[in-house]
Amino acid sequence: MSEVFEGSFTQQDPIPREGIEAAIRVMESGRLHRYNVAEGEFSEAALLEQEFAELTGARYCVAVASGGSAMATALRAIGVRPGDKVLSNAFTLAPVPGAIASLGAVPVIVEVTEDLTIDLTDLETRIAASGARVLLLSHMRGHLCDMAALMTLCDRAGVTVIEDCAHTMGASWDGTASGRHGAMAAYSTQTYKHVNSGEGGFLTSDDEVLMARAILLSGSYMLFDRHLSKPAADVFEQVKYDTPNVSGRMDNLRAAILRPQLKTLQDQCDGWTERYREVESGLRDLAGLKVIERPEQERFVGSSIQFLLPGWRADQIRNLVARCLKRGVELKWFGAEEPAAFTSRYDSWHYANPEPMPKTDAVLAQLMDMRVPLTFSLQDCAQISRIIRSEVSALWQQG
Ligand SMILES: *Cc1c(COP(=O)(O)O)cnc(C)c1O
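Residues numbered from 1 in each chain as written. Predicted model: local features only at pLDDT ≥ 70, side-chain atom pairs only at ≥ 80, totals over all residues. Heavy atoms only, no water.

### Section: the overall build of the protein chain
In step 1: In terms of helices and strands, the protein chain carries 13 helices and 14 strands.
In step 2: For the protein chain, whose C-alpha radius of gyration is 22 Å, the value lies close to the compact-globule estimate of 21 Å for 399 residues.
In step 3: Counting only C-alpha atoms, the protein chain reaches 70 × 55 × 35 Å along its principal axes.
In step 4: Contacts spanning at least 24 positions in sequence make up 72% of the contacts within the protein chain whose residues lie at least 6 apart.
In step 5: For the protein chain, the exposed area adds up to about 16700 Å²; of that, 50% sits on carbon and sulfur atoms.
In step 6: Looking at charge distribution, the protein chain has the averaged site of its 39 positive side-chain charges lying 3 Å from that of its 52 negative ones. (Helix = DSSP H or I, 4+ residues; strand = E, 2+ residues; numbered from the N terminus. Rg over C-alpha atoms; globule rule 2.2 N^0.38 Å. Contact = heavy atoms within 4.5 Å. Areas by Shrake-Rupley, 256 points an atom, 1.4 Å probe, with all protein chains shown as cover. Lys, Arg positive; Asp, Glu negative; His and termini not counted. Charge placed at Lys NZ, Arg CZ, Asp CG, Glu CD.)

And the structure:
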């Protein structure tokens, strides 16, 4: 009898008791809106922003309604106008080009390498060809490119970098936290990310003008004074008449749920990476399968794992996905023609009019993806890799 995995790939941890109790207190108070505060009180949202800024080392933070909203707010704060070109990597998820399109701006898609990070040579070419002055860099599935090289290239070309840290909250490159390289960084607190409030996001920056604009854009009316992580009043005076209110606030209920999760974030991240390493070690040295080696400078968060199936045909990969699923293991394939569930490819974003990306196509055609939730034990991870291993071996030998 071949073994079958019984766990769920989409089951996250429960909200910590402390968060549930804080959420109940918010509901009992009735003051769910972040600017609805009692005399002398700072809202859960304002406290959360202060705590997140401290955690990442950013000067300022604003909490918003989603990761997508954080990215769109960053683009607006930076001054992207309709018709402007915005660079982004081809391997990412739909909310990234979606944020660019939401401003009427035009995505300029850049190739990715076999390491699943932005291709710096292609980036340089496309900066020159497009004249784009903003890069929305998505650290997709937690893979960080050489951030020092990227920043040197972008600084030299006068390109402002916004980091999409949806999968790198808690990660770092060469000792610097992810999100601390670019002018602004966007995070998501949606259920499948590293902290969970159902929906939500953060935007961080050290730049006082960008952050004053971001706070106004997030929908602060003229109540920005009730923020704790904010630039001085005179900075708001400079921009408050020129910055539209694009409502996308976080409420106190979500903030209350998130605050205790920040305290345990680093432990949670270590837990993900431990599980990732367990799966990875079970998949090493297997004919027909290539694990993605992580650079030494990268401290990643292993909340999902990717691997390559070089030389496999589409029908073989579809067969592998089906056989693993039968044994309880949910693999996603980035090479499928039709976008499915959370997974869509750059060439399904027709509104962005993407150019063909031969390098990226070759990578996506062999790219497999699997979630590693914290509800899995290390034994679960070992079992999952045994199942993948046996199915890969069987199919690879059949040819
Ligand atoms: C989830 C995600 C986002 C933000 O998503 P929201 O659902 O809007 O919070 C951004 N980028 C990537 C790569 C993501 O996976």
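### Overview of the pairing of strand β8 (residues 184-188)
The side chains of a regular strand alternate, first on one face of the sheet and then on the other.
In step 1: With 5 of 5 residues buried, β8 lies mostly within the body of the structure.
In step 2: Residues Met184, Ala186 and Ser188 point to one face of β8 and Ala185 and Tyr187 to the other, with burial holding for every one of them.
In step 3: Relative to β8, strand β5 (residues 160-164) runs parallel, the two being bridged by 3 bridges. From the neighbouring strand, Asp164 faces β8, where its bridge partner is Ala186.
In step 4: The sheet contact formed by β8 and strand β9 (residues 201-205) spans 5 bridges and is antiparallel. Directly across from Ala186, in β9, lies its bridge partner Leu203. (Buried < 20%, exposed > 50% of the residue type's maximum accessible area, 1.4 Å probe, protein only. Pairing = 2+ DSSP bridges.)

### What about the site of the ligand?
In step 1: If you check the shell around the ligand, you find 16 residues, and the closest are Gly68, Asp164, His167, Ser188 and Lys193.
In step 2: For the ligand, an oxygen atom lies 2.8 Å from a polar atom in the backbone of Gly67.
In step 3: Gln190 places a polar side-chain atom, nitrogen or oxygen, 3.0 Å from an oxygen atom of the ligand.
In step 4: Within the complex, the protein chains bury 90% of what would otherwise be the 380 Å² of accessible surface of the ligand. (Near = heavy atom within 4 Å. Polar contact = N/O pair within 3.5 Å; in protein donor to acceptor, adjacent residues only side chain to side chain.)

### Remarks on the pattern of salt bridges
Two side chains carrying opposite charge are able to pair once their charged atoms lie near each other.
In step 1: With the rule as written, the count across this model stands at 26 salt bridges.
In step 2: The salt bridge partner of Asp119 is Lys359, with a shortest N-O separation of 2.6 Å. Linking Asp119 in the loop between β3 (106-110) and α5 (120-130) with Lys359 in helix α12 (residues 358-364), this pair joins segments that are 240 residues apart in sequence.
In step 3: Relative accessible area serves as the criterion here: at 46%, Lys359 is assigned to the partly exposed category.
In step 4: Through salt bridges with shared partners, a single ionic network connects Arg277, Glu280, Arg284 and Glu293. (Salt bridge = Lys/Arg side-chain N within 4 Å of Asp/Glu carboxyl O.)

### Here we look at the packing of helix α3 (residues 67-78) against helix α4 (residues 95-102)
In step 1: Axis separation between α3 and α4 bottoms out at 9 Å; the angle between their running directions is 40 degrees. Between α3 and α4, the angle is such that the two are oblique. Every pair of crossing elements has a handedness; the one defined by α3 and α4 is right-handed. Across the interface between the two elements, Gly68, Met71, Ala72, Leu75 and Arg76 of α3 pack against Pro95, Val96, Ala99, Ile100 and Ser102 of α4.
In step 2: Tallied by class, residues from the contact of α3 with α4 come to 7 nonpolar, 2 polar and 1 charged. (Axes fitted to C-alpha atoms, helices over the stretch in contact; angles between N-to-C directions. Parallel < 35°, antiparallel > 145°, perpendicular 65-115°, else oblique. Left-handed = near helix turned anticlockwise from the far one by under 90°. Nonpolar A, V, L, I, M, F, W, Y, C, P; charged D, E, K, R; others polar.)

### A short note on the domain arrangement of the protein chain
In step 1: Under the domain assignment used here, the protein chain contains domain 1 (17-261) and domain 2 (265-398).
In step 2: For domain 1 and domain 2, the distance between their C-alpha centroids amounts to 27 Å.
In step 3: With 36 residues of domain 1 at the interface, the matching set in domain 2 holds 36 residues.
In step 4: Both faces considered, domain 1 and domain 2 share a buried interface measuring about 3200 Å² in area, 59% of it formed by carbon and sulfur atoms.
In step 5: A per-residue breakdown of the area domain 1 buries against domain 2 is headed by Glu114, Arg141 and His194, which together make up 19% of the total.
In step 6: In this assembly, domain 1 and domain 2 are joined by 4 salt bridges.
In step 7: Taken together, the links from domain 1 to domain 2 amount to 14 residue pairs in polar contact (both at pLDDT 80 or more).
In step 8: Listing elements by their share of the side of domain 1 that touches domain 2, those giving two or more residues are α4, β3 and β6 (172-173). (Domains from an automatic or database assignment. Buried area = accessible area lost by both parts, 1.4 Å probe.)

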